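Observations on the three-dimensional arrangement
The residues making up each chain are set out below.
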Amino acid sequence: WKEKVVNSRRFAPEAPERIEKPMLCLQIAERLLEQSEDHLQETIQEADLDLAGAPRAGARQELLSEGILKPYLLDSLRFFHQTFLEFTMARWLTTRAGRPARNRIVASLGTLRGEEALLPWWPVLRQLLVMVPEADFSQILESLPLDSSAAFRTVTLATAIRSARPQLEGLLERALRLGA
């Protein structure tokens with residue numbers, strides 16, 4: 001994120017185009033998240049983005065040049081990889097503006113019992129769990145159905161990445177009980 005989105009090869013640190021790059025990525029993530037339901041929407045029409053003005057146009061051009069954004073068909077954009085889309089969606093969900101959507105997604109996932117229900121959202125949640133502060137991590141964890149293999153896998157991977165040893169030990173005990 002910092003190397004390709006925040007930093008710039010062309011623009012100085014204080015340049016408006018450089019400041020716009022992460023904001024444009026987060027706006028794309030927000031819009032794609034809003035359009036997603038049973039599957040993640042991966043493309044957005046350029047007309048749905050405010051690309052007028054030199055800073056925004058320069059940010060778009062550099063994101064295309066760096067390969068962060070890819071053109072799709074004639075008038076749409078997408079991120080270079082679905083994993084980056086999931087990461088950027090999670091990053092947007094950590095913002096104040098993204099909080100209501102985050103609460104809605106976590107609540108939806110917290111009520112699930114079927115393994116296939118809302119399956120595309122688990123990778124976004126895993127990325128989110130890695131990013132949030134400890135208090136938010138614990139709060140989200142409490143609302144998830146850890147008897148679901150999708151939830152358990154998501155939480156275990158995020159916990160391992162966070163290097164949260166006490167929580168990992170608790171998950172290991174749970175896994176051993178589930179497997180017995």
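A brief report on the enclosed structure follows. (Residues numbered from 1 in each chain as written. Predicted model: local features only at pLDDT ≥ 70, side-chain atom pairs only at ≥ 80, totals over all residues. Heavy atoms only, no water.)

**Quick look at the packing of helix H4 (residues 82–93) against helix H6 (residues 121–131)**
Rules: Lines are fitted to the C-alpha atoms to define the axes, a helix being fitted only along its stretch in contact, and any angle between axes, read from their N-to-C directions, falls within 0 to 180 degrees. Numbering of helices and strands starts at the N terminus; helices are DSSP runs of H or I of at least 4 residues and strands are runs of E of at least 2. For classification purposes, an angle smaller than 35 degrees is called roughly parallel, one larger than 145 roughly antiparallel, one from 65 to 115 roughly perpendicular, and anything else oblique. Whether a crossing is left-handed or right-handed is set by the direction in which the near helix is turned from the far one by less than a right angle, anticlockwise for left-handed and clockwise for right-handed. Residue contacts are defined here by distance: any two heavy atoms, one from each residue, within 4.5 Å place the two residues in contact. Under the scheme applied, nonpolar residues are Ala, Val, Leu, Ile, Met, Phe, Trp, Tyr, Cys and Pro; charged residues are Asp, Glu, Lys and Arg; polar residues are all the others, including Gly.
With their axes 8 Å apart at the nearest point, H4 and H6 run at an angle of 50° to one another. Between H4 and H6, the angle falls in the class oblique. Regarding H4 and H6, the two cross each other, and that crossing is right-handed. Between H4 and H6, the contacting residues are Thr83, Glu86, Phe87, Met89, Ala90, Arg91 and Leu93 on the first element and Pro123, Val124, Gln127, Leu128 and Met131 on the second. Split by residue class, the contact of H4 with H6 holds eight nonpolar, two polar and two charged.

**Quick look at helix H7 (residues 134–142)**
Defined as follows: Here the term buried applies to any residue with accessible area under 20% of the maximum for its type, exposed to any over 50%, and partly exposed to those in between, with areas from a 1.4 Å probe on protein chains only. In this description, the arc belongs to the directions extending from the helix axis to the C-beta atoms.
All of the buried residues in H7 are Asp136, Phe137, Ile140 and Leu141. Within H7, the buried residues cover an arc of 135° as seen down the axis, which keeps them to one side. Across from the buried face of H7, at angles greater than 90 degrees, the exposed residues are Ala135 and Glu142.

**Points about the pattern of salt bridges**
Note the cut-off: By definition, a salt bridge exists where a carboxyl oxygen of Asp or Glu is found within 4 Å of a side-chain nitrogen of Lys or Arg.
Scanning all chains against the criterion turns up eight salt bridges. Here Lys4 makes a salt bridge to Glu66, at a shortest N to O gap of 3.3 Å. One end of the pair, Lys4, is in helix H1 (residues 2–6); the other, Glu66, is in helix H3 (residues 54–66), with 62 residues separating them in the sequence. On the accessibility criterion, Lys4 (34% relative accessible area) is partly exposed. Its relative accessible area of 16% is what places Glu66 among the buried residues.

**Examining the pairing of strand S3 (residues 76–79)**
Test applied: Strand pairing is assigned whenever DSSP detects at least two bridges linking the two strands.
For strand S1 (residues 43–45) and S3, the ladder comprises three bridges, and the chain directions are antiparallel. Opposite Thr43, over in S3, you have Arg78 as the bridge partner. Two elements, strand S2 (residues 69–72) and S3, share four bridges in a ladder whose sense is antiparallel. Its bridge partner being in S3, Tyr72 is matched across the sheet by Ser76. Turn length for the S2-S3 hairpin, with the two strands adjacent in sequence and antiparallel, is three residues, and the turn residue Leu73 shows positive phi of about 50°.

**Focus: the packing of helix H5 (residues 99–110) against H7**
At a minimum axis distance of 10 Å, the contact between H5 and H7 shows a crossing angle of 35°. Seen from above, H5 lies across H7 with right-handed handedness. On H7, the residues that touch Arg99, Arg102 and Val106 of H5 are Asp136, Gln139 and Ile140. Tallied by class, residues from the contact of H5 with H7 come to two nonpolar, one polar and three charged.

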